[in-house]
Amino acid sequence: VAIFSDHLETDPNFHDERRFHHDLRLERKRTSRSGRPFLLMTIDINCLNGDGSRGDTISRLKHQINCLTRETDIKGWYADNTVIGIIFTEIDVDDTISVTETISKRVKNNLFDIINANYLDDISISLQWFPNGNGKFDIDRHETNEVFYPDIVSSKNQKSLSLYLKRGIDIAGSLACFILF
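The rules behind the values
- All residue numbers here refer to positions counted from 1 along the written sequence of the relevant chain.
- The predicted nature of this model means local features are confined to residues of pLDDT at least 70 and side-chain atom pairs, given and counted, to a pLDDT of 80 or more, with totals for whole chains, interfaces and linings taken over all residues.
- Heavy atoms throughout the structure, all of them, feed into the side-chain values; hydrogens and water do not.
- Runs of H or I in DSSP of at least four residues are treated as helices and runs of E of at least two as strands, each being numbered from the N terminus.
- The rule is simple: take the accessible area with a 1.4 Å probe, protein chains only, and divide by the maximum for that residue type; under 20% is buried, over 50% is exposed, in between is partly exposed.
- By definition, residues are in contact when any of their heavy atoms lie within 4.5 Å.
- Method for areas: the Shrake-Rupley scheme with a 1.4 Å probe, in which residue coverage is limited to the protein chains shown.
- Salt bridge, as applied in this entry: a Lys or Arg side-chain nitrogen positioned within 4 Å of an Asp or Glu carboxyl oxygen.
- By the criterion applied in these results, polar contacts are pairs of N or O atoms within 3.5 Å in which, for protein atoms, one can donate a hydrogen and the other can accept it, and in which residues neighboring in sequence qualify only through two side-chain atoms.
- Here a cavity denotes a set of grid points, spaced 1 Å apart and computed over the protein atoms alone, in which a 1.4 Å probe fits but from which it cannot get out, and a pocket denotes an open set meeting protein on both sides within 12 Å along at least five of seven lines; residues with an atom within 4 Å of a point are reported as lining.
- Grid points are joined across faces, edges and corners, and a volume is the space filled by probe spheres set on the points.
- Classification used: nonpolar for Ala, Val, Leu, Ile, Met, Phe, Trp, Tyr, Cys and Pro, charged for Asp, Glu, Lys and Arg, polar for all others including Gly.
- Only strands that DSSP links by at least two bridges are regarded as paired with each other.
- Here an angle of 0 to 180 degrees is reported between the N-to-C directions of two axes, which are lines fitted to C-alpha atoms, with helices fitted over the stretch in contact.

Quick look at the overall build of the protein chain now. When you go through the protein chain residue by residue, the secondary structure sums to five helices and five strands. By residue count, 40% of the 181 residues in the protein chain fall in the buried class. Long-range pairs, those at least 24 residues apart, make up 67% of the contacts in the protein chain with a sequence separation of at least 6. Split by element, the accessible area of the protein chain, about 11000 Å² in all, is 52% carbon and sulfur.

Pasting the structure below:
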């Protein structure tokens, strides 16, 4: 995967994972204030890892994504070099279903012209509105989709690992004190 890193990050309109997650967090905050929803599309291209022409295919995908989207839309790696993310911002919606279908159809028709037919069934495209239909913004509620909170989910995982490590050290220290005294 590292072989492609330099090649993949040359497009200033296509953000790396860290920047994309930062922009996603900013969009969540903007939406929470304004009440205007955004649409997050993820395209899982992990199946291309075994493809010898992966770098070329990704370059063509990125070019096509830039052609299909507006300048105000945010494009980048949702998951580094495996899942492409597109945040469609500033969408006036009365009917989220028809907007979702239109965008999905347009993207699928254009992107699948680029991808090798052997991989078409393995590529996953997901479209999700934020906020979801019930207007929830709270990550701690079970009905909220964690796909909109990769920054919080990853920090929770890091915190839980450090808590387990701290707990293990506390137990080891307590046992040592118990044995020595």
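Scanning the entire structure with this criterion turns up seven salt bridges. One salt bridge in this structure joins Lys166 and Asp170, with 3.2 Å as the shortest N-O distance. With Lys166 and Asp170 both in helix 5 (residues 150–180), this residue pair falls four residues apart, about one helical turn. Each of the salt bridges in this network shares a partner with another, and the network as a whole consists of Glu27, Arg30, Arg36 and Glu90.

What follows concerns the side chain of Thr89. Along the chain, the position of Thr89 falls in the loop between strand 4 (83–88) and helix 4 (96–111). Separated by 2.9 Å, the side chain of Thr89 and the backbone oxygen of Thr72 make a polar contact. If we ignore the near neighbours within four places in the chain, the residues touching Thr89 are Glu27, Phe38, Arg70, Thr72, Asp73 and Ile74.

At the junction of Phe130 and Pro131, the peptide bond is cis and its omega measures out at -5° in the coordinates. Here Pro131 shows up in the loop between strand 5 (124–130) and helix 5.

Time to look at the layout of surface pockets. If you add up the space inside the largest pocket, you get close to 180 Å³. Residue contributions to the lining of the largest pocket peak at four residues, all from helix 4. Taken together, the residues that form the lining of the largest pocket break down as five nonpolar, two polar and three charged.

Take the sheet that holds strand 4 next. In space, the five strands of this open sheet follow the order 1-3-4-2-5, with mixed pairing throughout. Whereas interior strands pair on both sides, the edge strands pair on one side only; in this sheet they are strand 1 (14–15) and strand 5. For strand 2 (residues 38–44) and strand 5, the ladder comprises seven bridges, and the chain directions are antiparallel. Within the sheet, the bridge partner assigned to Thr42 lies in strand 5 and is Ser126. Relative to strand 5, helix 4 is tilted by about 150°, and along the sheet it contacts strand 2, strand 4 and strand 5.

Structurally, Thr69 is set in the loop between helix 3 (54–68) and strand 3 (74–79). Spatially, the C-alpha atom of Thr69 lies 9.8 Å from that of Ile103, the residues being 34 residues apart in sequence. When residues no more than four places from it in sequence are discounted, the contact partners of Thr69 are Lys75, Ile86 and Phe88. Within the structure, the side chain of Thr69 is placed 2.7 Å from the backbone oxygen of Ile65, a separation counted as a polar contact. At a separation of 3.4 Å, a polar atom in the side chain of Thr69 contacts the side chain of Lys75.

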